[in-house]
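Chain by chain, the residues:
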Amino acid sequence: MDVINIRTFHRFITIHLVVVFLFLIIPCGVFSQLSPGKLTKAHSSLEGLSNCTLCHDLGAKISEKKCLSCHTHLQQKITQNKGYHVSKDIKGKACISCHSEHHGVNFEMIRFDKKTFNHNLTGYELKGAHKKIDCTQCHSPENISDPVLKK
Ligand code: HEC
Ligand code: HEC
Ligand code: HEC
Ligand code: HEC
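Residues numbered from 1 in each chain as written. Chains lettered and ligands numbered in written order. Predicted model: local features only at pLDDT ≥ 70, side-chain atom pairs only at ≥ 80, totals over all residues. Heavy atoms only, no water.

Novice: I keep staring at the coordination of the iron atom of ligand 4 and nothing clicks. Help me out?
Specialist: Geometrically, a metal with four donors at the corners of a regular tetrahedron has ideal angles of 109.5 degrees, and one with six donors at the corners of a regular octahedron has ideal angles of 90 or 180 degrees. For the iron atom of ligand 4, the full set of protein donor atoms is His119 (NE2) and His139 (NE2), and the range of their distances to it is 1.9 to 2.0 Å. For the iron atom of ligand 4, the six donor atoms in the first shell make angles of 85 to 179° at the metal, a pattern classed as octahedral. Here His119, found in the loop between helix H4 (72-79) and helix H5 (129-132), pairs with His139, found in the loop between helix H6 (135-138) and helix H7 (147-150); they are 20 residues apart in sequence, far enough to count as distant. A relative accessible area of 55% places His139 in the exposed class. (Donors = N, O, S within 2.8 Å, 3.2 Å for Na, K, Ca; no water. Tetrahedral: all angles 85-135°; square planar, octahedral: opposite > 155°, others 65-115°. Helix = DSSP H or I, 4+ residues; strand = E, 2+ residues; numbered from the N terminus. Buried < 20%, exposed > 50% of the residue type's maximum accessible area, 1.4 Å probe, protein only.)

Printed below as a string of structure tokens:
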């Protein structure tokens, strides 16, 4: 009686270990082989298997640290507690909730409505005449200080 029980127990454990093992191994295997789609133009130089871990930790998770290790200008502003990326719009949200990837070269990673954008969140309030002029009057390539984005 006891012997049978131990055998059954062993078989039970073995099957479960195999199942658990497969669940652990399959996502890693798929991750290392398949990109869900092309990266956007701005990141197209990061295409290819050797670059996945520039953005991903193992197991497909996105690492915000890794994003910010390239986007050092943004990291600086966050450290200084300045700019839109430390505003209440962003706090507590994952980068990928606003900046998705793998939707093809023409995908806009930055999507926001210029008309309804609350400029106060940038830490620079638009007052008086500044409210009426076009965004591009101030936001022109010459005025962009981030060397990563200036190119
Ligand atoms: C420039 C950064 C970047 C690079 C490089 C990159 N990815 Fe991604 N990847 C992302 C982002 C951002 C998401 C999240 C998209 C979302 O959830 O909206 C993502 C999502 C994924 C997902 C889906 C994960 C999920 O939970 O649905 C897989 C799978 C994936 N990437 C695989 C790869 C592979 C394989 C490579 C290399 C060939 C790669 N990625 C390279 C940024 C990157
Ligand atoms: C290996 C360096 C590197 C990594 C890692 C990286 N980026 Fe970038 N990213 C760049 C470069 C370079 C550009 C600008 C390319 C250009 O337009 O000249 C860029 C552009 C962008 C832009 C602007 C896109 C546009 O259309 O103007 C956003 C948003 C962005 N990255 C978000 C992210 C996020 C989120 C992650 C993490 C998932 C990430 N980046 C990871 C190098 C990187
Ligand atoms: C609530 C939405 C939201 C979240 C969350 C968010 N962003 Fe952004 N991001 C934006 C918008 C809108 C812009 C365009 C305005 C600007 O330049 O700040 C932008 C611009 C950018 C740019 C290009 C401009 C620059 O300053 O370099 C990069 C790079 C970027 N985001 C990376 C990130 C990273 C990395 C994270 C996570 C740590 C993140 N974003 C989280 C909305 C978001
Ligand atoms: C009078 C000049 C001026 C006008 C007009 C203006 N901005 Fe700005 N904007 C600024 C300044 C200055 C900053 C702060 C830059 C910084 O912190 O590096 C800023 C910051 C931003 C940022 C956040 C950048 C970041 O990463 O924190 C966004 C997004 C933005 N403006 C969008 C707009 C939009 C959309 C319009 C038009 C509706 C507009 N701006 C009109 C001067 C202007």
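Moving on, there is more to tell.
Novice: Explain the packing of aromatic side chains here, please?
Specialist: The description of an aromatic ring pair rests on the distance of the ring centres and on the angle between the ring planes. If you walk through the whole model with that rule in mind, you get two aromatic pairs. Their ring planes at 65° and their centres at 5.2 Å tell us that Tyr84 and Phe117 sit as a pair that is edge-to-face. Of the two residues, Tyr84 sits in the loop between H4 and H5 while Phe117 sits in the loop between H4 and H5, which places them 33 residues apart along the sequence. Among the residues examined, Tyr84 registers a relative accessible area of 25% and is labelled partly exposed. Ring geometry for Phe112 against Phe117: centres 5.0 Å apart, planes inclined by 75°, an arrangement best described as edge-to-face. (Phe/Tyr/Trp six-rings, centres within 6.5 Å; stacked < 30°, edge-to-face > 60°.)

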